[in-house]
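Residue strings, one per chain:
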Amino acid sequence: MECATHTGEKVFMVCKSCDRIPFVCGVCIEEEHAEHKLQTLRNAAQSIRQNLEQVETENGQVFKEIKSDLDGLTEIREDLKQDASNIDDEIAKRADIIRSKIDEVNTEVIQKHKTEVGKNAESIDRTEETLKQQLSQIGTFKTKVAQLQKMNDYVDVIKLGRDVEVPDTNRVPRPDIQVRTCIPGGIREGELKRLYADIKGAFDNGNNDATTVTGDDRAERNDDKTNMSDFVGSIKREAFIKVTPIASFNHSKHDGIDAMFCPGSGTGLFKFEGKNSVKLCNRSGNIKAAINLGTKTEGFTVTSDNRLLFCCTSQQCIKEMERPNGDITETFSTSPLTPSYICTGPSGDIYVTMYDEHDYDVTDDSTRVLVRYDSQGRNKTQCQVDGNGRNIFVVPCKVCVNRSGTQIAVINHVNERRSELVVLDKYLSPILIYTGPSVLTGDALAGYILYGVVFDTRDNIWVAECYSKTVQLLSPTGEPLQVLLTMETSPWSLSMHRDEVWVGDGEGKVQIFRYSY
């Protein structure tokens, strides 16, 4: 091979010191490549061959995978075509569904329009028939009057005249015509797109935040998610309930009413936050008794045999007071857990919420629990973790039981601004968790905190919410039904006896209502 630089000179080596290893002749070696590292053609060729063979060996698997990837593109392309075809079919199907619904609504509206037109026509027909009958009577009357005017025999006039029927001269009212107008509904492009179809990726989370979480579906929640229902809509129960105020009184301007219990109609027991006494009042606010519990206390209740049970937080036990003599004894210990709130069921069982630490830092070894005891304080069962061994409660607080003992509701504070309602069956197995409305508005933007909960006579659930300052009604299955009361200050506690509801607020005021369905 002749040198590319020096005519007539043969190349016989390569220079390894230069880029791309150029061929060199004798003149090149003496001039441009003096003192460079040289290699014979044979050795250079063998070195390059060995290096490339080594690269081929080391990357053989990668080469195969790349070829496989290329071959796999055909399958991916076919899958893509199939997916596109499926979506095309779904879009067409969706369009057919919407057209069908439009046809149904159109038929319904036209039929309603025809019905209304028919009613107006019937009203005109009735009025027309009445007027015709009235005119006929008037015609007959005029004919007989004309006959009487021609008669000269007084006897005949009397005989005929006394039998003449005077027609009804009252004006017939105009027909009851109901004027109808057709008001077209507004068409919003975004809403129409939502009704039509929604193209989502395979890993998109299409199940937006709902107001009720069932079973173990308690993953991390995003407060900013919005709820989208199917265009067909959802079946919602409606509650027609009337709430009537009957009394109110105020015993404090500074202390919130933390716990309350109605032992009978017209009377209520209540405890102020941080106080260790309970007051018994009537509807007028007159204090009938002031009961000193003698120890640091949170929740309390009254049993069917008139015993007052209360949670002694400092000594970690449940104590009872015999009424009316006031003797206090310890019923049973909850150590090492601190009892929080307490209620009793129809069978006499006692339900107590307890915790090892009153904070929001829940670890694997934390104990936040609802325990059911029998009337003698023997532990029957408890609820602490779900089926995957995760803690259900963060800070379990107020607890109540329905009249049949088949459902138990517990307020669970999950952080400083949020709480949820855990509803359990008679075996203390969670059946649903209500996390509040998916959209917060007004003052409720600050958060969603429940302070009170009771079951009514229909097993609907009443909850007192702090930020919205409302008492709300939920169905037994956790559906929001109605805002029952909007208060001036935040409601802190609820108690109910038959159709009478007592509401205590954060400023020491008690309001009493009667409800009816």
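Presented here is an overview of the structure given in this document. Predicted, not measured: the structure shown is a model, and the values here were computed from it.

Cut-offs and rules
- Residues numbered from 1 in each chain as written.
- Predicted model: local features only at pLDDT ≥ 70, side-chain atom pairs only at ≥ 80, totals over all residues.
- Heavy atoms only, no water.
- Buried < 20%, exposed > 50% of the residue type's maximum accessible area, 1.4 Å probe, protein only.
- Helix = DSSP H or I, 4+ residues; strand = E, 2+ residues; numbered from the N terminus.
- Pairing = 2+ DSSP bridges.
- Axes fitted to C-alpha atoms, helices over the stretch in contact; angles between N-to-C directions.
- Salt bridge = Lys/Arg side-chain N within 4 Å of Asp/Glu carboxyl O.

1. Concerning the pairing of strand S24 (residues 470-474)
S24 sits mainly inside the fold: five of its five residues count as buried. Neither face of S24 is left uncovered, since the one carrying Thr470, Gln472 and Leu474 and the one carrying Val471 and Leu473 both have all their residues buried. Hairpin connection from strand S23 (residues 461-465) to S24: four residues lie between these consecutive antiparallel strands, with Lys469 at a positive phi of about 60°. Sheet topology note: the S24/strand S25 (residues 480-486) ladder contains five bridges and is antiparallel. Looking at the pairing, Leu473 lines up with Gln482 of S25. Hairpin connection between S24 and S25: a loop of five residues separates the two successive antiparallel strands, and Gly478 in this loop has a positive phi of roughly 85°.

2. What about the sheet that holds strand S14 (residues 338-344)?
Strand order in the open sheet made by the four strands is S14-S15-S16-S17, with antiparallel pairing throughout. Looking at strand neighbours, the two that pair on one side only are S14 and strand S17 (379-383), the edges of this open sheet. Here the strands of the sheet are splayed against their neighbours by 25° on average, with no regard to which way each runs. As paired strands, strand S15 (residues 350-355) and strand S16 (residues 368-373) are joined by six bridges and run antiparallel to one another. Bridged to Val352 within S16 is Val371.

3. Let's talk about the pattern of salt bridges
Going through the model one piece at a time under the given rule, you end up with 17 salt bridges. For the salt bridge of Lys380 with Asp349, the shortest nitrogen-to-oxygen distance reads 3.0 Å. Of this pair, Lys380 sits in strand S17 while Asp349 sits in the loop between S14 and S15, and the two are 31 residues apart along the sequence. Of the charged contacts, one joins Asp499 and Arg514 as a salt bridge, the two residues approaching to 3.6 Å between their closest N and O atoms. Here the residue Asp499 occupies a position in the loop between strand S26 (491-497) and strand S27 (500-505), and Arg514 occupies one in strand S28 (residues 509-516), the gap between them amounting to 15 residues. Among the residues examined, Asp499 registers a relative accessible area of 34% and is labelled partly exposed. Assessed through its relative accessible area of 33%, Arg514 is described here as partly exposed.

By themselves these figures say nothing about function.
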